Every structure is written in structure tokens, then in C-alpha cells.
Amino acid sequence: MLRRRLNRLFGGDEGRVHSRTIYVGHKSCPPNEAYIPPKFCDNRIVSSKYTVWNFLPKNLFEQFRRIANFYFLIIFLVQVIVDTPTSPVTSGLPLFFVITVTAVKQGYEDWLRHKADREVNEYRVSVLEDGRRIRKMSAKIKVGDIVEVEEDETFPCDLILLQSSRDDGTCFVTTASLDGESNHKTHYTVADLESDLQYLSSTIECEQPQPDLYKFVGRMHIYRNSQEPDVRSLGPENLLLKGANLKNTQKICGVAVYTGMETKMALNYQGKSQKRSAVEKSINAFLLVYLFILVSKALVCTTLKYVWQGKHDEPWYNEKTQKEKDTNQYLKMFTDFLSFMVLFNFIIPVSMYVTVEMQKFLGSFFITWDKDFFDPEIQEGALVNTSDLNEELGQVEYIFTDKTGTLTQNNMEFIECCIDGFQYKHGDGSSELDGFCVTDGPVNKIQQKAGREREELFLRALCLCHTVQIKESTMHRQDQIDQIDQIGQIDQVDGLGVDHEFLHPPQKEMGFIASSPDEIALVKGAMRYGFTFLGLESKNMKILNRNKDVETYELLHVLNFDPVRRRMSVMVRSKTGDILLFCKGADSSMFPQVRQEEVERIRMHVERNATEGYRTLCVAYKHLNAQEYARADADLREARLALQDREEKLMAVYNRVETDMILIGATAVEDQLQDEAAQTMEALQGAGMKVWVLTGDKMETAKSTCYACGLFKKNTELLELTLRTLEDGGRSREERLHDLLLEYHKKAVQDAPPVKLGITRSWSVAGHDYGFIIDGASLSMVLSSSSEPNSRRYKNLFLQICQNCTAVLCCRMAPLQKAQIVKLVKNSKGNPITLSVGDGANDVSMILEAHVGIGIKGKEGRQAVKNSDYAIPKLKHLKKLLLAHGHLYYVRIAHLVQYFFYKNLCFILPQFLYQFFCGYSQQPLYDAAYLTMYNICFTSMPILAYSLLEQHICIEVLLEHSTLYRNIAKNAMLRWKLFLYWTALGIFHGLVFFFGVRFLFSNPALQDNGQVFGNWSYGTIVFTVLVFTVTLKLALDTRHWTWINHFVIWGSLAFYVFFSFFWGGIIWPFLKHQRLYFVFANMLSSVSAWLVIILLILLSLLPEILLVVLRKPRGPHARQMKHRLPSSGTSTIFMLSQTASTHSFSWSD
């Protein structure tokens, strides 16, 4: 009593205790005690990132964390404060544009999140207070409130089920938005409660909030008439989770135990963080190099300026004012340094960020416009939620995929069964319809079927051993029987089932609901052969047999499925009083529990079905005498009331009962794969990506799916780390885990042959293929071992094993565990690029955690689509999205980045060299108009068009040869080797431009009238050579010419010539100094100037042209692909990026 009072007093301090006490209906218990309301969080959901008050500071802080944005801000402030050679507008306007566009985009996205939160929080729900039913907002629900939910409504918080409108005290829910399973799950009310909840006086003691969807431990104390309280144990079967939907039940009442951000759904939600691509990280690294070059140039020029001034007297025409003489020498040096920084600032390409943003935004439309992504079934195409990660699609190394609804259609179909070794296959072949079947054995001869008694026993097992319910409908039971009779008559007339041994499914199928789709498939399979399940009424199961008689069985106990046992059973009593146990389960768990003489007849059938990718289950039965049943009944009731080690005690009883059974047969059920799922997986693995399947489903189902879509092959050795393997050997789980990890590490890592460079293990012929299987419970042990050093070691061993396996399957995963797996791989050595693909709300956490998140527009709501970066209608579209779009996006943007740094280095190097010839006086080489327009107008459009339209290889070739994807893997086109090549090219061109024009100027008279050119003519000639060279360099790199490319390349050059004539041909009243007045026209009047411009352009591009012409194609596919390129010509840079690859290619005419 004292402990309960203390718990109540400190109920709000959840950090001190491991459980919480909840007062049902906020009533004191016992009634004569004072009620102190405990403090819990309210039911508000918050997924937004900003508020009205913190948006501006928080958003600006996040944006200025980008090194480029911060740098440009500093430069802008320097231009405003210090007297610099260029205007602050040159750096301020682009910066303001980028910041504004990004802020508007992020603000809009957050407004949508606020809107979604408001819809959830203001949703009206029914709450029972003092016997009255009142409506209140979902956000106002408190822990302890009794909430009423009606059919098809969503549970507003986590509830313990107290009352149901169904007579048997159950309700059905779907949890598609939580774990991706769209099947109906059965939940149970707490036994023996008052029918009127107004008079219920009870408390619930349960664990603190935790994210595991499948675990819940608690107990309920019910107080009646001052007696000792009755205690009821509570488990996950009593807990209704927020986000799940009530189905096939008119209404329920439940008490709120977890609310708001403490619900299991909220705890499994991974907050959306801003994702950055690998290209952006490369840009930042390159930016630091160019920043270092910039600072070095400014330091050199500042130092040399004062050295030069020390050797030369001040010229008479440039005497210092008194104010300049009085200025502190060090301050003057610092301002000179800043002035040089601003003068050379154009080496850092501020406009590149604007161009990259535009390229990403406009480029994303090509995904949404792609007709191959259009799905006629849902009348939708692909969707791009963020354009920031287009190029990341070309860098994926690990793919994490959900199973249900992503790899499969979540549509189970009964294929065949085997009774006593005889195969029964539903199809159009005459042998099956005429009453014959094929036996599984060394001789494939036609034989008679199994005995009629065995057939009926097997079909009864399928009709009784399940948790299927008939969906409530207005059709009367007798009407259903009549309908089935009519269908039977039709079949008889057609001569397809003379003695009703074979029935087609009803034309209007009865509505079945179950916790697993394969259970429905088995019940429907039994209907094909004449046994129809009519439903469960008051613990009585009714089936219609082949003779159209209704058989009734009393349901005594259900021995639920669990992943360790991998079986489920029912105990039923027939009308004659016989007690039967029917059991079905995986072959590996059933064979040891049955009499061994029956095993061999079934084993070959099961193994053949498993290799065909079907989900197989074995079926057995057992007669129980009165003493056996009485003991089992007592043991089961005692175990179910246990508060400690309940699962272990139930398991012991289940294993004791399910022994010495008689094996009847086996079934094969197919979970149909998505269209082209196997081909998609093969292509992705061929491209060098490793595929991991993360699912909340059972291991057997997931394993057969992996076989069906080719992730596991026939010769793949499976390494299993599940609860079942940890239980083997009679040692503690921790010790067994340690031993298994070491054993698997030795097999897959230490003893594995070395893999050749550039070839993944799945493509190596010599290597032995391994597949790894782990379940959620084992993963928890790996990730959170009792000791810190062990935990770190286990993680490393686990990662190394997985990275050396061709495919990995993680089953029975909670949503947060999926995200943990992705995070583990993402942060492993080398920081590989990860991609997650899923279709349900249970996949949201891993979609948000991965570098790239893909949502499938499936049947399980649109949560995954809303939270993804890209959404596609079907899994098959992932192939083109990565191998074609991803590949091209990466090549385009990589070229864009390198080209921008190159053209700005060409631009500013002559300006730096010019300082050596003008006394380091900060004299600009180019006119202010040229400085401003170079990146904005003269050279911006050609590279933007290139980065949107370039196809260095045809899309058809990229899809046909998936290995081409490996050539750009690991950021191949933005490595330091290539960056240094572009930098060297920029330095070479800059030197050619400056010294080539200087050589021209060694002739003092360049005009017919004997006049000499001035410094602005010098700069204009350099600038003309520069603009033509960098534009023609891009034209050489372009391999896919469209009218747009022609228009922007030749149009940009024409615009430069037109602008130069126009700018220098008019007297502009708003300019104090018109430096270029008729300079361009005079320059072009000189034949020497024309000759030098043409020669310098040719000289700059000559090495590039020679490299293209002389380089021969090489690589295994070079000859056949040469004729399939969009256009002739090749890029030297692209060829250079291939040199490190084993599968390297280059093409030219």
C-alpha cells in the first residue's frame, strides 16, 4: 500500500520508476483514497520544424552554416564597409536570391507539416466522462480518459481495450500505417469487466513508453466492494495503437495509456532532417581549395605592393592625401588585403550555387515528365518531393527495401497442396480435374489421390487451424450456404467435379479477415476442394463439407504463432466429443514434432515448392484424450495469468502439447511479386548495389520472397542470426550470439577469397555466395549489448559479415529498427550512399534516415510518399530512376561543378597576373560590366543547358548495361585527380590568354592610324578570348546536341559581341567613367587583334582536340556502343574519370 501511494505521489517523475500507474476514468482506487492526478504529456502531435517566431533566425542560421553562403556574406559586408574596386551589388544580389528562394521553399514545406499536425490535433473524438459521451479535440485527450472509437476510425492514442460491440469481446484492427501489414489483427478486451464502464474502478500498471510495436507488459487492478483487487495481466493483444484503424467492429471503448509524443507511433517517427548530397560535400571541399588560392593571391599581391612601393617613389600624379598619410600602416595593409580579396573574389563562383539550384529544380521535371513512370492502374506518374538529391540517385551503394507491398503485391494465392505425398494442384490440366495428381518421388507417374478420409482431414485442418474471421455482412448464413450450393450445382452440371471433390471459388467471394494473408489463402484453397469455413460464433467454428452438411466444432484454445516456435495450433471439440489438435507451421519446426515415418513423403514436395519461391506450411493433427486435454487446459490458463516470464511459460506448454503429431500434408502459397521485381533486383545488383530487405514480416515469408526475386540463389549459403538459432545449444543468448558472430565472420570474411577491384561479391565467380538473415530481437542484442565494448565489437562483426554477403534479410523489424540498420550502414567506413524504398508508414523512419528515400505509391496509404524524396508507382521504376536518371544527373552536375571552377579560374588568373604589371594598384583588368555579366549572362546558359540535356550515353544502353553505373560510383567524377586536371587546365588557359595578348602588345602600333591600344583594350581582348574559349570547350564536351544547345552556345557568343558593341557604342548618362567607349569596335578594326584572338582560342583548345582524335575506344562494350551514342565526339574529362575503373570505357569516332 505504501509503495502504491509513493508511486502515485511521484507518478509524474517518470525518470525514477520503470512503470506508470494509470487511473481508469480518473477515479481514485480504492474509492476511499484521495486521488492525486499524475502528470503525463498531452495528446498533441508536433512534426513541424519552425514556428512563426523562430523561422527567420533558425532558417538563416541553418543556411549560413553552408560555407559558401557564409563566405559570400563576409565578402558582401567587406564591399559595403571598405572602399573596394567592385560594387557590393555583384555579390549581394546572388546571395540574396539564393537565401530567399531556399527560405521560401523550406517555409512552405513546414507550413504543410503545420497544416497536417493541425488536422490530426483538432480531429474530434468521443470521450466518456461521468457516464456522458462528450466530443473533444484529439489534442485534449489525457492519460486515463476512456475513449470511444467507431468502425473505420483511427485510434487517437494508445488504448487498452475495455469493451467491444462484438459478443466475443474481440475487435479487429489494421496496422498498415504502423508496420505495413494490411491484414486484420484480432485484439481482446480485458476479461470480466463491468458492462457499464461508469462503475469501473481500476488502475493499470504498465511499462514506460517504448517504441517496440510488438511488446507491451502491464496489469490491471480491479476494485470491487472493498475486497482485494482482482488482477488481470495485459499484453500486446489488449493494446490498440495510435494510427491503427478499427475494422469489422461497430465500436470499442478503451482507456488511454500513452498519448501524444509518447505513443508508439510517435516514438517510431524519425524527425526529418535536411539531406545533403555527396556533390555538395565535394563542392565545399573544392571551395576550401579555391579559398586558399584566393587568400594566397591576396597575400602575395599585398606583400608585393608594399615591397614595390618601398623601391619606387610615389608618382607625382598619384600623391597621397593627408588623411591617407595619417592612416595606420597596418590598418592600410589590412584594407589593401581585403580589396585584393574582393578583386579576386570572382574565383569563388557565387553564381554556381544559383545555377546548381536551377539545374536541380528544372532537372527534377524530367523525372515527373517521364512517361515510362506513368502507371495506368493508379493513373499517376513519378513525384519529386525534393530536387536537392537528383545526383545522389547516381551514387547509391546500398538499397534497403521493404517487402510487403514493395517487393510483393501483398496478394497471397493458394497454388497447390500435398496430402500423404500426393500433389493436388489447382489448374486447368485435365489430370487434376479428372481426380488424378502427380506424386513427388523418384518416379513421376500418375497415381490415384490419397484416401478420401485423409483428404477430408487435411481440408478440415485448413478450415479450422487459423485465426480467420468472416467479415460481417447483411447476408444471412443460410443465404451463404444456398449460394455455395448453387455454385456446387453449376460445377456439377459442367462435369468438373462429379462428387464435389473440386469447387471453384464463389463468384462473389465471402469477405475474410485475418492477421496474415496466407491464412485467408489457405481457407480459400480449402473452398476450392469443397470445404468452406462459415465463421466463428460464440466459440463455435462452423464449416460446410463436401456433402453440403454443416459441421460444428467448439474452439477450446488457440496456440498463437510466434517466430521462435514457427507454428500455430488450435484445440477443437467435435460434436461426438473427440478433442483434436490441428497444427500448421514451417517445415523445419514441424518435422521434429511429428512421427518420422510420414516426413519423407512430404519433404521432397516441400523442398521443391521452396525452391520455386512458394511459402510452404506443413499440416499435422493429434487426438487428445480427456486427461491430456485437462492437463493442457490447466497449464495454459495458469501460464496466461502469469505476470512474470509469461511468454516463456506459454512456450513451454505449447511445446509440450505439440509433440507426437501425425503429419497429413503441406501447402504452397505464393505471395505474388511486383511486376519485374526479379529483373529489377538483378539489374541493381549488376550495377554494384547491395540490396537489404527490411521487413516486419515473418522470416519464412520474407525468405521465400528473397528466393523468388533472386536475392538468394539456390547455391547461397544462409547465415541465420535469429531467436531460434540463439536458443539452440542450451547456452545463454549472449554467449550464443558471440559464438555465432565469430563463426559467421570466419566464414564470410576471413575465409572468403579476395574480391577483384571493381567487382562486387555477387559478380565474382570464385567467391562462395552468402546470405545473412537476422530478426528484430537479435538485432536489439547486437546493437545494445550489456557491455559497451561488446556492443561496439558486435556492431563491427555484424557489419563486416553483412558487407560480405550478396544479400541481407532483416525480418520482424520495428520501424525504428529499420532506421537503426540504415544509420549503422550509413555511418560505417567509407560512408556509403544509402537508399531506402518502402510503401507504408512503417517505412517512414528508414526513408528519412537514408541519404535518398523512395516512396512507392502502394495500397497502404501515402505516408511513405509524403515523407520520401521521390515517389514512384511501382518498384520496377526504380531501375530507370537509378540506372538512367541517376547516372545522367550525376554526370551532368559533376561536369557543371568542375566546369564552373575551371571557367572562374580562367577568368581571374589574368586579373592576378595583371597586378604584376600595374604596380599592384588593384587596377581591374576587365570593365565592371564584364565582371558582373561574365557569370550571369555570357557563360551561364550553355552550362545550364548542358547540365539539363546532356546524355553521354543513350538511356537504352544505360538500362541494358547496368555495369556502366559502376563507372561513376564513389563520386568518380568529383575526385581530386579530376579536380586537379580541371585546375591545371584553367591555369594553362589563363596563362595562354594573358601572355598571348601580351605578346601581341609587344608591337606598339596595332591600328592603321598608328594609335596604340590602352589597358582597357588589353583587358577586352583577353576577355574575348576567354569567353569564346570556355564556351567552345563546353561545345567540345557536349555529346548530345539539341536545338537548345545550339541556341544557347552560339546565342551566348553572339550576345557577348552584340553587348560589347552596344555597351561601348552609346554614351550612358548614369556612368561617371565610360571606360569601354568604342574600345570593342576599335579592337576589331585591327587585323592583328583578330589573328591573335583566333590563334589563342585554337592554341587553348588544341590539346583537348588532339586527345579526342588520337584516343582509341577501349573496353568490352566499346565497339557495340559506339553506334548507339546520342552523338559523336567525347569528353576528355569523362574518359579521365574512367581510368581507375576495371570496367572502363571511352568512345570516339
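Model, not experiment: these values are computed from the prediction.

What counts as what
Residues numbered from 1 in each chain as written. Predicted model: local features only at pLDDT ≥ 70, side-chain atom pairs only at ≥ 80, totals over all residues. Heavy atoms only, no water. Core = buried A, V, L, I, M, F, W, Y, C linked by side-chain atoms within 4.5 Å. Buried < 20%, exposed > 50% of the residue type's maximum accessible area, 1.4 Å probe, protein only. Helix = DSSP H or I, 4+ residues; strand = E, 2+ residues; numbered from the N terminus. Contact = heavy atoms within 4.5 Å. Pairing = 2+ DSSP bridges. Axes fitted to C-alpha atoms, helices over the stretch in contact; angles between N-to-C directions. Phe/Tyr/Trp six-rings, centres within 6.5 Å; stacked < 30°, edge-to-face > 60°. UniProt positions renumbered as here; feature names shortened; annotations may be inferred. Polar contact = N/O pair within 3.5 Å; in protein donor to acceptor, adjacent residues only side chain to side chain. Disulfide = S-S within 2.5 Å. Left-handed = near helix turned anticlockwise from the far one by under 90°. Nonpolar A, V, L, I, M, F, W, Y, C, P; charged D, E, K, R; others polar.

J.: Could you give an account of the nonpolar core, with specific residues and numbers?
T.: Among the nonpolar cores identified, the biggest contains 94 residues, and Met352, Val897, Phe907, Tyr926, Phe1023 and Leu1026 are the most heavily contacted of them. Looking at this core element by element, the count peaks at 18 residues for helix H29 (residues 877-914). The contact partners of Tyr926, leaving out residues within four places of it in the chain, are Phe907, Pro910, Gln911, Leu931, Trp1016, Gly1019, Val1022, Phe1023 and Leu1026. With 42 residues, the next largest nonpolar core counts Ile470, Ala514, Val572 and Phe582 among its residues.

J.: Now, about the sheet that holds strand S3 (residues 132-137): what can you tell me, with residues and values included?
T.: Pairing within the open sheet is antiparallel, and its six strands lie in the order S3-S2-S4-S13-S5-S11. Two strands lie at the open edges of the sheet, namely S3 and strand S11 (239-240), each paired on one side alone. Two strands pair when backbone bridges link them, and strand S5 (residues 158-164) and S11 are joined in this way by two bridges, in the antiparallel orientation. Across the sheet, Ile160 pairs through a bridge with Leu239, a residue of S11.

J.: Any details on the sheet that holds strand S30 (residues 717-721)? Residues and values, ideally.
T.: Read across the sheet, nine strands follow the order S14-S35-S34-S33-S15-S29-S32-S31-S30 without closing on themselves; strand pairing throughout is mixed. Edge positions in the open sheet fall to strand S14 (383-384) and S30, since each of these has one partner strand only. Two elements, strand S33 (residues 834-838) and strand S34 (residues 852-856), share four bridges in a ladder whose sense is parallel. Bridge pairing in S34 places Gly838 opposite Gly855. Each of S30 and strand S31 (770-775) is contacted by helix H23 (residues 733-750), which is oriented at about 160° to S30, the strand it contacts most. Across the sheet, H29 lies against strand S15 (398-401), S33, S34 and strand S35 (870-872), angled at about 140° from S35, the strand it touches most.

J.: How would you sum up the environment of His895? Please name residues and give values.
T.: Structurally, His895 is set in helix H29. The spatial distance from the C-alpha of His895 to the C-alpha of Asp1037 is 9.3 Å, given a sequence separation of 142 residues.

J.: Describe the packing of aromatic side chains, with residues and values.
T.: Within this structure, the stated rule accounts for 35 aromatic pairs. An angle of 85° between the planes, with centres 6.2 Å apart, marks the rings of Tyr744 and Phe772 as edge-to-face. On the criterion of sequence distance, the pair formed by Tyr744 in helix H23 and Phe772 in strand S31 is long-range, its members being 28 residues apart. Phe772 matches Tyr744 in its accessibility class, with the two residues each being buried. Ring pairs connect the aromatic residues Phe907, Tyr934, Phe938, Phe1023, Phe1055, Tyr1056 and Phe1059, which therefore count as one cluster.

J.: Before we move on, can you summarise unusual backbone geometry with the specific residues and values?
T.: Backbone geometry at His26 places phi at a positive 60°, although glycine is not the residue there. One can find His26 in the loop between strand S1 (19-23) and helix H2 (55-63). Even without a glycine there, the phi angle at Lys548 is positive, about 65°. Residue position: Lys548 is located in the loop between strand S23 (540-544) and strand S24 (550-559).

J.: Describe the UniProt feature "binding site: Mg(2+)" (unreviewed entry) in the chain, naming the residues involved and giving the relevant values.
T.: Under the present numbering, the feature "binding site: Mg(2+)" (unreviewed entry) in UniProt falls on Asp402, Thr404, Asp839 and Asp843. These annotated residues cover 442 residues of sequence, but their C-alpha atoms sit close together, with the largest distance between any two at 10.6 Å. Non-local contacts of Asp402, meaning those with residues more than four positions away in its chain, are made with Leu407, Leu694, Thr695, Lys818, Val837, Gly838, Asp839, Asn842, Asp843 and Met846. A polar contact is formed between the side chain of Asp402 and the side chain of Lys818, at a distance of 3.4 Å. By the element assignment, Asp843 lies in the loop between S33 and helix H27 (844-849). Asp843 gets classed as buried once you look at its relative accessible area, which sits at 0%. When near neighbours in sequence (up to four residues on either side) are disregarded, Asp843 contacts Asp402, Lys818 and Gly838.

J.: Break down the environment of Asn1082 for me, citing the residues and quoting the values.
T.: Among the secondary structure elements, Asn1082 is positioned in helix H36 (residues 1079-1084). Residue class for Asn1082 comes out partly exposed when judged on its relative accessible area of 35%. Along the sequence, Asn1082 and Ser1017 sit 65 residues apart, while their C-alpha atoms lie 8.5 Å from each other.

J.: With reference to specific residues and values, describe the state of the cysteines.
T.: All chains considered together, the criterion is met by zero disulfides. For Cys417, which is in no disulfide, the shortest distance to another cysteine sulfur is to Cys418 and amounts to 7.7 Å.

J.: Residue-level account of the packing of helix H10 (residues 350-363) against helix H31 (residues 940-949), with values.
T.: At a minimum axis distance of 10 Å, the contact between H10 and H31 shows a crossing angle of 35°. Judged by the sense of rotation from one axis to the other, the crossing of H10 with H31 is right-handed. Note on element contacts: H31 touches H10 through Leu944, Ser947 and Leu948, opposite Thr355, Met358, Gln359, Leu362 and Gly363. A class-by-class count of the residues in the contact of H10 with H31 yields four nonpolar, four polar and no charged.

J.: Give a description of the side chain of Glu658 that names residues and reports values.
T.: Examined against the element boundaries, Glu658 turns out to sit in the loop between helix H19 (646-657) and strand S28 (662-673). With near-sequence residues (within four places) excluded, Glu658 lies in contact with Leu559, Arg565, Arg567, Met568, Ser569, Leu581, Cys583 and Gln593.

J.: How would you sum up the pairing of S5? Please name residues and give values.
T.: Of all seven residues in S5, six are buried, a share of seventy percent or more. Pairing of S5 with strand S13 (residues 251-258) involves six bridges; the strand directions are antiparallel. Looking at S13, one finds that Ser164 is bridged to Ile252.

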